[in-house]
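Residue-level structural notes
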Amino acid sequence: MTAPATRAFRIGACGAALLGPAAAWLRESGHLDLASSRSLLDVWLVVAVASAGLVVSILALRRRVWLIGATGLVLNGLVVSLYGFLALFFGLGGSR
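Rules behind the numbers
- Numbers given for residues are sequential positions, taken from 1 along each chain in its written order.
- Two thresholds apply to this predicted model, a pLDDT of at least 70 for residue-level local features and 80 or more for giving and counting side-chain atom pairs, whereas whole-chain, interface and lining totals are computed over all residues.
- Hydrogens and waters are ignored; side-chain quantities use all the structure's heavy atoms.
- Salt bridge criterion: a side-chain nitrogen from Lys or Arg within 4 Å of a carboxyl oxygen from Asp or Glu.
- Strands here are runs of E lasting at least two residues and helices are runs of H or I lasting at least four, both read from the DSSP assignment and numbered beginning at the N terminus.
- By the criterion applied in these results, polar contacts are pairs of N or O atoms within 3.5 Å in which, for protein atoms, one can donate a hydrogen and the other can accept it, and in which residues neighboring in sequence qualify only through two side-chain atoms.
- Two residues form a contact once any of their heavy atoms are found within 4.5 Å.
- Axis lines are fitted through C-alpha atoms, for helices just across the contact stretch, and the angle between N-to-C directions can take any value from 0 to 180 degrees.
- An angle below 35 degrees is read as roughly parallel, one above 145 as roughly antiparallel, one from 65 to 115 as roughly perpendicular, and any other as oblique.
- Think of it as three bins: nonpolar holds Ala, Val, Leu, Ile, Met, Phe, Trp, Tyr, Cys and Pro, charged holds Asp, Glu, Lys and Arg, and polar takes everything else, Gly as well.
- Expected span of a helix, by definition, is 1.5 Å for each gap between consecutive residues, and there is one gap fewer than residues.
- Only protein chains enter the area calculation, which uses a 1.4 Å probe; residues under 20% of their type maximum are buried, those over 50% are exposed, and those in between are partly exposed.

Let's talk about the pattern of salt bridges
Close approach of charged atoms allows side chains of opposite charge to pair. One pass over the structure, following the stated rule, counts one salt bridge. In this structure, the salt-bridge partner of Arg 27 is Glu 28, at a minimum N-O distance of 3.8 Å.

Considering the environment of Asp 42
Looking at the secondary structure, you find Asp 42 in helix H3 (residues 39-62). Sequence separation of Asp 42 and Ser 29 is 13 residues, and the distance between their C-alpha atoms is 12 Å.

A look at the side chain of Asn 76
Residue position: Asn 76 is located in helix H4 (residues 66-91). Side-chain polar atoms of Asn 76 contact the backbone oxygen of Ala 16, separated by 3.2 Å. The contact partners of Asn 76, leaving out residues within four places of it in the chain, are Ala 16, Ala 17, Leu 19, Gly 20, Pro 21, Ala 50, Gly 53, Leu 54 and Ser 57.

Concerning the packing of helix H2 (residues 19-29) against H4
Contact geometry for H2 and H4: axes closest at 7 Å, N-to-C directions at 45 degrees. One way to sum up the angle between H2 and H4 is to call them oblique. From H2, Leu 19, Gly 20, Pro 21, Ala 24, Arg 27 and Glu 28 reach across to H4, where they touch Leu 75, Asn 76, Val 79 and Tyr 83. Looking at the contact of H2 with H4, its residues break down into six nonpolar, two polar and two charged.

Some remarks on H4
When the terminal C-alpha atoms of H4 are compared, their 35 Å separation across 26 residues agrees well with the 38 Å that a helix rising 1.5 Å per residue should span. Listing the buried residues of H4 in full gives Gly 69, Gly 72, Asn 76, Val 79, Val 80, Tyr 83, Gly 84 and Ala 87. Contact partners of the buried residues in H4: helix H1 (7-17), H2 and H3. At the exit of H4 stands Gly 93, carrying a positive phi of roughly 100 degrees.

Given below as structure tokens:
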């Protein structure tokens with residue numbers, strides 16, 4: 001049995017639910033530019049950030065914070081699946 005969620009955990013989980021979409025928006029708008037010559041590094045960063053949000057969303061579901069957990073699971077899951085596919089495809093030598 002897990003401990004009930006505190007208010008601080010709920011606020012943190014709410015922020016983590018938006019981590020992946022926020023990182024994807026920053027990359028698409030051009031504000032996440034770590035290395036302009038290697039844009040694949042930015043894609044892997046988005047995948048890593050969204051994966052962290054995914055883990056926190058799963059923890060929120062385990063603590064019975066259903067709405068925040070489900071929202072984070074869907075939003076971060078979409079970002080991880082899309083950008084993870086792009087990172088693997090182009091990282092393995094795929095081209096347009």
